[in-house]
Amino acid sequence: MTGKVTIVREFDCSLGEGPHWDDVSQTLLFVDINKAAVHRWNPANNQMKSIYLPDSTVGAVVPREKGGLVIAAAHRFAFVDEETGATETIKEANLEFPQSRFNDGKCDPAGRFWAGTMGNEKEPGKPRRNEGALYCLQKDKSVTKHVAPVDISNGLSWTADKTVMYYCDSLRFCIDAYDYNIANGEMTNQRVVYKFNREEEGVPDGHCIDADDNIWVAMFFTGQVIKIDPRAGKKLQTIKVSDVAVKTTSVCFGGRNLDEMYVTSARNPSVNKVDGDTSGGLFKITELGAKGLQANIYEG
Ligand SMILES: O=C(O)[C@H](O)[C@@H](O)[C@H](O)[C@H](O)CO
Ligand SMILES: [Zn+2]
């Protein structure tokens, strides 16, 4: 199977990110970082519900088991009431770097919410260096710091047996693996499992893991999704998502059978959107011959 790409909706995201398939409602949650927007899109009726947060940016969103959402936005973890849009700060983080902000995040299989930060970027791929870190919002609502310094904290995933965690600091141009202790959330024994070729492959951004423990990475600047076998350290497949929307930012599996892949993207810089400019849109890849696992949610 090679993967069939379609554009499902021209969302015109400034910086679309963090797709999360909500299997309960069969809808897709994702963010537009620069617009501080949390979007929920229902593929069944093409309806979109959006919340615009009071924060300057939002890096990631996940559902909360007790109801509502949890976000990593600007400098805080916060709860969001999806009906009213009201937010409640849980904890602030990375305040030592005032120009930094939260970026990508995801829940681990035990229901902790992991999210990392990055320095301000005047242009994509060029942030203030070493201003980011990887944080974890524990289920007791405390926040712990795990990796620092980081340039652009991005993709996170865990193997099905919960013993390995994968992490990507984009400007390291690799995927790192860690031994993962699911009982206490500690990550140890960092090693590189795949090194990207910057020229041909672009900048590694968000990623997700499939039921076979292969990793699918959205590549920023090249409009590609790359499938990697992290055990063999090998690239298995490259899928061209778009020649126009080349800033592909993240991926997740979705759909009734979790066998469709959603891909978010960022807008190309142009004042007015011209015909055929699909950048900032949401894409779908089918016929992948792979399936995802149910996405984890925050259990605190
Ligand atoms: O989507 C993200 O994770 C960041 O917010 C982006 O800005 C990109 O990662 C970065 O620019 C890639 O080079
Ligand atoms: Zn990202």
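No experiment lies behind these values; they were computed from the predicted model shown.

## Notes on the pattern of salt bridges
Step number 1: Here the structure, examined in full by the defined rule, presents 17 salt bridges.
Step number 2: The shortest N-O distance in the salt bridge between R129 and D151 comes to 2.8 Å. Within this pair, whereas R129 is found in the loop between β11 (113-118) and β12 (132-137), its partner D151 is found in the loop between β13 (143-150) and β14 (153-158), the two being separated by 22 residues in sequence.
Step number 3: Its salt-bridge partner being E201, residue K235 comes within 2.6 Å of it at the nearest N-O pair. Remark: E201 occurs in helix α1 (residues 198-201) and K235 occurs in strand β21 (residues 234-240); sequence separation between them is 34 residues.

## Topic: the state of the cysteines
Formally, a disulfide is one covalent bond, and it connects the sulfur atom of one cysteine to the sulfur atom of another.
Step number 1: As enumerated under the stated definition, the model contains zero disulfides in all.
Step number 2: The thiol sulfur of C208 is not disulfide-bonded, and the nearest other cysteine sulfur, from C252, lies at 6.7 Å.
Step number 3: Residue classification places C208 among the buried residues on the basis of a relative accessible area of 5%.

## Concerning the coordination of the zinc ion (ligand 2)
Step number 1: Protein coordination at the zinc ion (ligand 2): the donors are E17 (OE), N154 (OD1) and D205 (OD), at 1.9 to 2.0 Å from the metal.
Step number 2: Given four donor atoms and angles of 88 to 161° at the metal, the environment of the zinc ion (ligand 2) is assigned as irregular.
Step number 3: Read in sequence order, the donor residues coordinating the zinc ion (ligand 2) give the pattern E-x136-N-x50-D. Of this pair, E17 sits in strand β2 (residues 16-22) while N154 sits in strand β14, and the two are 137 residues apart along the sequence.
Step number 4: In this structure E17 comes out as buried when scored by relative accessible area, which is 2%.

## Looking at the packing of aromatic side chains
Step number 1: Enumeration according to the criterion identifies twelve aromatic pairs in this entry.
Step number 2: Their ring planes at 55° and their centres at 4.8 Å tell us that F77 and F102 sit as a pair that is tilted. Taken together, the residues span a long stretch of sequence, with F77 in strand β8 (residues 76-80) and F102 in strand β10 (residues 101-107) at a distance of 25 residues. An identical accessibility class is assigned to F77 and F102; each is buried.
Step number 3: Lying across the ring of F79, R64 places its NZ or CZ 3.7 Å from the centre.

## Considerations on the sheet that holds β8
Whenever strands of a sheet pair, they do so through backbone hydrogen bonds, lying parallel or antiparallel.
Step number 1: Ordered in space as β6-β7-β8-β9, the four strands form an open sheet in which the pairing is antiparallel. The sheet is open, and its two borders are formed by β6 (60-63) and β9 (87-92), each paired with just one other strand. Each strand of the sheet is rotated relative to its neighbour by a mean of 20°, with strand direction disregarded.
Step number 2: Where β6 lies against strand β7 (residues 69-73), four bridges are found, and the strand directions are antiparallel. Bridging from a neighbouring strand, V62 pairs with V70 of β7.

Parameters at a glance
Residues numbered from 1 in each chain as written. Chains lettered and ligands numbered in written order. Predicted model: local features only at pLDDT ≥ 70, side-chain atom pairs only at ≥ 80, totals over all residues. Heavy atoms only, no water. Salt bridge = Lys/Arg side-chain N within 4 Å of Asp/Glu carboxyl O. Helix = DSSP H or I, 4+ residues; strand = E, 2+ residues; numbered from the N terminus. Disulfide = S-S within 2.5 Å. Buried < 20%, exposed > 50% of the residue type's maximum accessible area, 1.4 Å probe, protein only. Donors = N, O, S within 2.8 Å, 3.2 Å for Na, K, Ca; no water. Tetrahedral: all angles 85-135°; square planar, octahedral: opposite > 155°, others 65-115°. Phe/Tyr/Trp six-rings, centres within 6.5 Å; stacked < 30°, edge-to-face > 60°. Lys NZ or Arg CZ within 6 Å of the ring centre and 35° of its normal. Pairing = 2+ DSSP bridges. Axes fitted to C-alpha atoms, helices over the stretch in contact; angles between N-to-C directions.

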